[in-house]
Amino acid sequence: MGKIKNVVLTMGLAALAIAFAYFAYKGQQMNIQGRPMSTDIIFLPYYAARSFLRMMAAYIFSLIFSIAYGYKAATDSKAERILIPVLDILQSVPILGFFPAAVFFFVSLFNGHTIGVELASVFLIFTSQAWNMAFGYYESLTTIPKDIYEASEAFKLTGWLRFKHLFLPSGISKLVYNSILSWAGGWYFLIAAEIIAIGPIEYSLPGLGSFLIKTMEKGEIFKTASGLIMLLAIIALMNIFLWQPLTLWADIYKYEYGGAKQEDHKKGLGYWIWWQAPLFPLIRQWISEKGFYLIEAVGRFVFDGIEKALSSSRFARIFKACRSIISWAFRILFLYILGRSVAALIAIFAVPLDPMVFEIPRALLYSFVRLAAAYVISLLWTLPAALWIGHDERAEAFFMPVFQILASVPATALFPVMVYALIKHTGGMELAAVLLVLTGMQWYLLFNLISGVKSIPQDLKEAARILNLNGFLYWRRVALPALMPSLITGSITAWGGGWNALIVAEYVSYAGRIYKTFGIGSLLDGATYGAGNFQLIWSSLIAMMITIVGVNRFFWRKLYSIAAYRFKIES
Amino acid sequence: MKFLEVKHVSKTYTDESRSLTVLKDISFAAEEGEFICVIGPSGSGKSTLLRMITGLDRPTGGEIYFKNRKVEGVADKVAMVFQSFALFPWLTVLDNVTIGLEAKGIKRKDRIAIAEKYIDKVGLDGFEEAFPRELSGGMKQRVGLARALTMEPELLCMDEPFSALDAFTAQNLREEVLDLWLDENLPVKTVLMVTHGIEEAVFMADRIIVLSKRPAKVVADVKVDLPRPRNMKDRAFSETADRIYSLIF
């Protein structure tokens, strides 16, 4: 039963995606007015600000989306059965591949106005940020300890109060953690999302990403370097002033009793700025006070206001009628879209098949081998590194911030330079592509593994020491088995990141030249940027989706349930 | 009028392939002012029974009446103390204690005034601004107790409230709970406590309801009329305890 539902769901989603393509197809006939973009260094701060605002807008959408989606999925078991598989598919789809379609869609929606392009890029960044946050929030709601849930029931917390005291706080720690990941992912995509080039049309949004790419294409190394430094500065500043204090603060919202004391949170530059430096504490207080009132007001309205209006006798029937009308309207709209998309699909594939379509299986295989190579390389260095860093506190104190910064540097910005350097020395694109994919894979593995090592219980480590389990025996009997669940989680996300990176790794343009190597990514890019061949675009996207979802379902998921059963440490 | 009546209650968990009956045809009644312990081997469904009485869970058969009204959802005048304390880690002691009052829509100033009384009763004064993680196990359970008391419950349900504490702290807290129950100024009339400690039950209860192992039935309803305060070293005490041992094993 579950399998059939999954298949139906996957097909439904594919149909929606195709509907998207249909409107996108119409959008192709629109004309985006390309405007030359100045690469004068004076504009750099302005570009940085534009990019930052774009990221912020996407992030705010992601946050609202995650909380609403996660809350609904966690509290409504009927909705959960649909929402979670959908999220699962959305998460494993290579978003970068859909970017051209998104551009067409938004541009046609706004009749060729540039705001459509702006929205398309925000949308792309959103898709790179939202899923993991929604999943994280949903997970933290489903893992609320039973007794705390019961206590909220026994003391009759309902509606907004229950959300405020139970559902919001219990998700905060995961939301903060995933926000950091999402921003890193967002930067990675931003670089790709600011230059829009489809066929002969090219449009660049003013921003850091397009500045980097433009200067790189022209080979203006100095300007590229200043752009990179700007980007690094923003990332480092956000780490120090936002994420570090937020992470420390979020510790309050964990369930472990004992352990961390309040005093532990009062350290670091971020804490100093927001609590002790002049002026900043006032700003913090002002924001948190006003923010509190705003959230309280909105929350009360959303949770209790609507509820009240719905149950009050005079309007109850009207609201109920409205609700059912709306839900029916949605159903009809869905059917309509489904019909149109099937028609669009038929239209796309009614013409004789492009010979390139038959290349897809081979391209998938080539790309798969590339990914596997990158995965093995990542594993070879991250596993020992994680075992070392996870056990050695001094190494952790030094390397964690370094790796965090390195990981949040969007490798997409460096691709062209890397390609240039590598091709000069090795003469081929093959090695370059594997290395580029590596940049999109390794950090997921590393961070998951480190947190896995760190979560080995202290008493287990002590028992190992008492029993004299040293060196290899310790790794084999204690560390590796304990790591299995996080190794698999890390692998799933790493492969997800890898498929995405593939799309930018097999097809790179630098200084007016295109470097490519045969694979599904370059096939897709060639079809998009070169000919605008919709048949090829959609058949490679669909093939890729099926492969990824299939591998996840039938390989990783199975492996994970085995690992979770055999190696999970009960607390 | 019966204060609390449990009538032919049973609980069966069913999933697709099998069903598991944990409680079968449980009946007993409690008078106002009684201290009752429910005791039984682990897995006998004691906690489930307690949760059904508080309204946190529903029986699959039978009915429960509290002050002549059928229990459907958490009733007024009933409060619960949890084995694992179940404090909200992100709220201070004061906010944890007043959370039930907040749900009642009482203004913050009035909430604090009510809470202070119970914080004082359980010996938590000075810890109002602390977070649960900064407290010892015994102090955490005091917070749980104060939180239950602010609801001014006539029936206080306790789910193994001392089993997460060390022996010394547990004994202190037992005596304090008895004091609170005997305190005329407090609204608590009846206490229903689930435990697996036979000595603990004999030490505290007026009546002990003994459950069998799964599916649990009421094996015995033992009246304990030892004078208070009780001493675990008395002969009468150990005789009572031995009798209950023999009922379970």
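Look up: the structure comes first, before these words.
Residues numbered from 1 in each chain as written. Chains lettered and ligands numbered in written order. Predicted model: local features only at pLDDT ≥ 70, side-chain atom pairs only at ≥ 80, totals over all residues. Heavy atoms only, no water.

### Some remarks on the sheet that holds strand β5 (residues 69–70) of chain B
Residue and element names in this part refer to chain B. In space, the 4 strands of this open sheet follow the order β2-β1-β4-β5, with antiparallel pairing throughout. Two strands in the sheet have a free side with no partner beyond their single neighbour: β2 (19–30) and β5. Taken together, the 5 bridges between strand β1 (residues 4–14) and strand β4 (residues 61–66) define a ladder with antiparallel strand orientation. Bridged to L4 within β4 is F66. Here helix α1 (residues 46–54) sits on the sheet in contact with β1, β2 and β4, set at roughly 120° to β1. (Pairing = 2+ DSSP bridges. Helix = DSSP H or I, 4+ residues; strand = E, 2+ residues; numbered from the N terminus. Contact = heavy atoms within 4.5 Å. Axes fitted to C-alpha atoms, helices over the stretch in contact; angles between N-to-C directions.)

### Some words on the interface of chain A and chain B
Each partner contributes to the interface: chain A provides 27 residues, whereas chain B provides 26 residues. Interface of chain A and chain B: buried area, both sides summed, is about 2,500 Å²; carbon and sulfur atoms make up 64% of it. Across the chain A-chain B interface, the total number found is 3 salt bridges. A:E150 serves as the salt-bridge partner of B:R51, at 2.6 Å between the closest nitrogen and oxygen. Linking chain A with chain B are 6 residue pairs in polar contact (both at pLDDT 80 or more), by the criterion used here. At the level of elements, α6 (146–154) and α7 (159–193) of chain A are the ones that each hand at least two residues to the side of chain A that touches chain B. Top element by residues in the side of chain A that touches chain B is α6(A). It accounts for 8 residues. Within the side of chain A that touches chain B, the residues separate by chemical class into 13 nonpolar, 5 polar and 9 charged. (Buried area = accessible area lost by both parts, 1.4 Å probe. Salt bridge = Lys/Arg side-chain N within 4 Å of Asp/Glu carboxyl O. Polar contact = N/O pair within 3.5 Å; in protein donor to acceptor, adjacent residues only side chain to side chain. Nonpolar A, V, L, I, M, F, W, Y, C, P; charged D, E, K, R; others polar.)

### Re the side chain of B:R142
Residue and element names in this part refer to chain B. Looking at the element boundaries, R142 is found in helix α5 (residues 137–150). At a separation of 3.1 Å, a polar atom in the side chain of R142 contacts the main-chain carbonyl oxygen of V122. Once residues lying within four places of it in the same chain are set aside, the contact partners of R142 are V122, G123, L124, L173 and E176.

### Overview of the pairing of β4(B)
Residues and elements named next belong to chain B. With 2 bridges joining them, β4 and β5 adopt antiparallel strand pairing. From the neighbouring strand, Y65 faces β5, where its bridge partner is K70. The turn joining β4 and β5, which pair antiparallel and follow one another in sequence, is formed by 2 residues; a positive phi near 50° is taken by K67.

### Observations concerning the pattern of salt bridges
Residues and elements named next belong to chain A. The final tally for this structure, using the stated rule, is 29 salt bridges over all chains. The partner of R54 in a salt bridge is E118, with the nearest N and O atoms 2.4 Å apart. Here R54, found in helix α2 (residues 44–75), pairs with E118, found in helix α5 (residues 114–142); they are 64 residues apart in sequence, far enough to count as distant. A salt bridge links E396 to K454, with the shortest nitrogen-to-oxygen separation between them at 3.0 Å. One end of the pair, E396, is in helix α14 (residues 393–408); the other, K454, is in helix α17 (residues 442–454), and 58 residues separate them in sequence. The exposure class of E396 is buried, given its relative accessible area of 17%. K454 gets classed as partly exposed once you look at its relative accessible area, which sits at 41%. (Buried < 20%, exposed > 50% of the residue type's maximum accessible area, 1.4 Å probe, protein only.)

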